[in-house]
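Each chain is listed here by its residues.
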Amino acid sequence: MPIHTEVTPAQADARAAYSPRLCNEDLAPTRQQNWTWYNIFSFWMSDVHSMGGYVVAASFFTLGLASWQVLLCLLAGIGIVQLCANLVAKPSQMAGVPYAVICRQAFGVFGANIPAVIRGLIAFAWYGIQTYLAANA
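Caption draft 1: Molecular detail of the overall build of the chain. Of the regular secondary structure elements, the chain holds six helices and zero strands. Secondary structure elements of the chain occur, N-terminal to C-terminal, as α-α-α-α-α-α. Residues classed as buried in the chain amount to 15% of the 137 residues present. If you take every contact in the chain between residues at least 6 apart in sequence, the share linking residues at least 24 apart comes to 68%. When the accessible area of the chain is evaluated, it comes to approximately 10300 Å², of which 69% is carbon and sulfur surface.

Structure (structure tokens):
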């Protein structure tokens, strides 16, 4: 369901007045969003399948849990990740703009750099953890 289907002359004039540091094609709302089940499934798969997830599953067996208990724990964790990822992404999906633009509502235009840097540091750390785990596998 498209949110913004066409740009009016008033919107074009307003965009022309924006600073290029604050508005560009990457940050502008999408004209048409057409997510299918494949997009949502792929997003979920990229969140769930990682070296950290495999280590957690293996550690459940090491703790002495039975196979059905490990499966139950993994399904609960996968469900929590899916729920949280969808809740975080919902405002961006509804407005058709990236997370960085949504953060401007709460933190201001330049204050939105704070959650962006925090998000980047977490991604940097998680990539390092996965690289370490993969190297030792």
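Caption draft 2: Structural detail: the packing of aromatic side chains. A complete count under the given rule lists one aromatic pair for this structure. Between tryptophan 37 and tyrosine 38, the ring centres sit 6.1 Å apart and the planes meet at 85°, which makes this aromatic pair edge-to-face. On the basis of relative accessible area, tryptophan 37 is assigned to the exposed category, the value being 66%. For arginine 119, the ring lying beneath its charged end belongs to tyrosine 99, and the centroid distance is 4.1 Å.

Caption draft 3: View of the packing of helix H3 (residues 51-62) against helix H6 (residues 113-135). One can describe the packing of H3 onto H6 by two numbers: an axis separation of 8 Å at closest approach and a directional angle of 60°. As the angle between them shows, H3 and H6 are arranged oblique. In this structure, H3 uses Met51, Gly52 and Val55 to contact H6, whose residues at the interface are Trp126, Gln130, Leu133 and Ala134. Class assignment of the residues belonging to the contact of H3 with H6 gives a composition of five nonpolar, two polar and no charged.

Caption draft 4: Region of interest: H3. Its 12 residues give H3 an end-to-end C-alpha distance of 16 Å, which sits within 8% of 16 Å, the value for a rise of 1.5 Å per residue. Listing the buried residues of H3 in full gives Gly52, Ala57 and Phe60. Angular distribution of buried residues about the axis of H3 spans 140°; they occupy a single face of the element. Within two residues after H3, glycine 64 carries a phi angle of roughly 100°, on the positive side.

Caption draft 5: View of helix H4 (residues 67-95). With 29 residues, H4 ought to run about 42 Å at 1.5 Å a step, and its terminal C-alpha atoms sit 42 Å apart, in line with that. The largest bend in H4 comes to about 45°, at alanine 89, with the proline proline 91 one to four residues further on. Those residues of H4 that sit buried are Val70, Ala85 and Ser92. In this structure, the buried residues of H4 make contact with helix H2 (37-48), H3 and helix H5 (99-107). Count one or two residues on from H4 and you reach glycine 96, which has phi positive near 80°.

Caption draft 6: The arrangement of a nonpolar patch on the surface in detail. Among the surface-exposed residues, Trp37, Tyr38 and Phe41 lie close enough to one another that they form a single nonpolar patch of about 420 Å² accessible area. Structurally, tryptophan 37 can be placed in helix H2.

Caption draft 7: Main features of the environment of glycine 52. The topology assignment puts glycine 52 in helix H3. With a relative accessible area of 10%, glycine 52 lands in the buried category. Along the primary structure glycine 52 and tryptophan 126 are separated by 74 residues, whereas in three dimensions their C-alpha atoms are 8.7 Å apart. When neighbours within four sequence positions are excluded, glycine 52 is seen to be in contact with Trp126 and Leu133.

Parameters and conventions
- Residues numbered from 1 in each chain as written.
- Predicted model: local features only at pLDDT ≥ 70, side-chain atom pairs only at ≥ 80, totals over all residues.
- Heavy atoms only, no water.
- Helix = DSSP H or I, 4+ residues; strand = E, 2+ residues; numbered from the N terminus.
- Buried < 20%, exposed > 50% of the residue type's maximum accessible area, 1.4 Å probe, protein only.
- Contact = heavy atoms within 4.5 Å.
- Areas by Shrake-Rupley, 256 points an atom, 1.4 Å probe, with all protein chains shown as cover.
- Phe/Tyr/Trp six-rings, centres within 6.5 Å; stacked < 30°, edge-to-face > 60°.
- Lys NZ or Arg CZ within 6 Å of the ring centre and 35° of its normal.
- Axes fitted to C-alpha atoms, helices over the stretch in contact; angles between N-to-C directions.
- Parallel < 35°, antiparallel > 145°, perpendicular 65-115°, else oblique.
- Nonpolar A, V, L, I, M, F, W, Y, C, P; charged D, E, K, R; others polar.
- Expected span 1.5 Å × (residues − 1).
- Arc of directions from axis to C-beta.
- Bend = angle between axes of the 7 residues up to and from the residue.
- Patch = residues over 30% accessible without salt bridge, like charges linked within 9 Å, V, L, I, M, F, W, Y side chains within 5 Å.
- Salt bridge = Lys/Arg side-chain N within 4 Å of Asp/Glu carboxyl O.

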